[in-house]
Every structure is written in structure tokens, then in C-alpha cells.
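Below are the chains, spelled out letter by letter.
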Amino acid sequence: MKTITLFTLLIIGFFGINTALARPDVLQARYSEIRAPIDQYFTDKNAKAWKVVKDAERVAWNMNLHLLTDCSAPQLRSVY
């Protein structure tokens, strides 16, 4: 039984190496298919972290602005 398993693994390895040498795009497509969810997870994680930092910096920047005290009521000016 061990002999059959060994030869099966050797045959699979032989065909796998030949495929990798002859058609690397086949393995690259499979690798990309497996890697896509991992990349998406890290992209989302980094985007959330940057959003938190960006919002914190925006709040800190807005606290340093010197805005007018009453922007909602316009000054009535006389035309004459």
C-alpha cells in the first residue's frame, strides 16, 4: 500500500512539475484564484484603518480652524 501511494505521489508530482514548466499561466491562474480573498481581506482591513486615522485627523484639523462666530445670519446692509 505504501508503494502505491509513493508512486501515485511521484506521478502527480511529475505531472505537476511538467505543467509548471510548460504552462505557468495555469498555476498562476489557480494561485490568483486562491489568493484573491486573502488580498481582499487585507485591502478591506487597511481601508478601515486608514478611514479611522483619516477621520481622526480631520477632526483634529477642524478643531484648529478659526471660523466665523455667526455664519447663519447674514448682515443686512442698507442699499442707500
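Residues numbered from 1 in each chain as written. Predicted model: local features only at pLDDT ≥ 70, side-chain atom pairs only at ≥ 80, totals over all residues. Heavy atoms only, no water.

What am I meant to see in the overall build of the protein chain here?
Of regular secondary structure, the protein chain possesses 2 helices and 0 strands. Out of the 80 residues in the protein chain, the part that is buried amounts to 0%. Surface summary for the protein chain: the accessible area is close to 8200 Å², and the carbon and sulfur share equals 67%. (Helix = DSSP H or I, 4+ residues; strand = E, 2+ residues; numbered from the N terminus. Buried < 20%, exposed > 50% of the residue type's maximum accessible area, 1.4 Å probe, protein only. Areas by Shrake-Rupley, 256 points an atom, 1.4 Å probe, with all protein chains shown as cover.)

I tried to follow a nonpolar patch on the surface on my own but got confused; where do I start?
Together, Leu6, Phe7 and Leu10 make up an exposed nonpolar region whose accessible area comes to about 310 Å². Of note, Leu6 is situated in helix α1 (residues 2-22). (Patch = residues over 30% accessible without salt bridge, like charges linked within 9 Å, V, L, I, M, F, W, Y side chains within 5 Å. Salt bridge = Lys/Arg side-chain N within 4 Å of Asp/Glu carboxyl O.)

It is not clear to me how the pattern of salt bridges should be interpreted in this structure. Could you clarify?
Between side chains of opposite charge, a pair can form when the charged atoms approach closely. Under the defined criterion, the tally for this structure stands at 5 salt bridges. Of the charged contacts in the structure, one is a salt bridge between Glu33 and Arg30, with a shortest N-O distance of 2.9 Å. Here the residue Glu33 and the residue Arg30 both occupy positions in helix α2 (residues 24-63), the gap between them amounting to 3 residues, near one helical turn. Residue classification places Glu33 among the exposed positions, given a relative accessible area of 52%. On the accessibility criterion, Arg30 (47% relative accessible area) is partly exposed. Each member of the salt-bridge network shares a partner with another, and the members are Lys51, Asp55 and Arg58.

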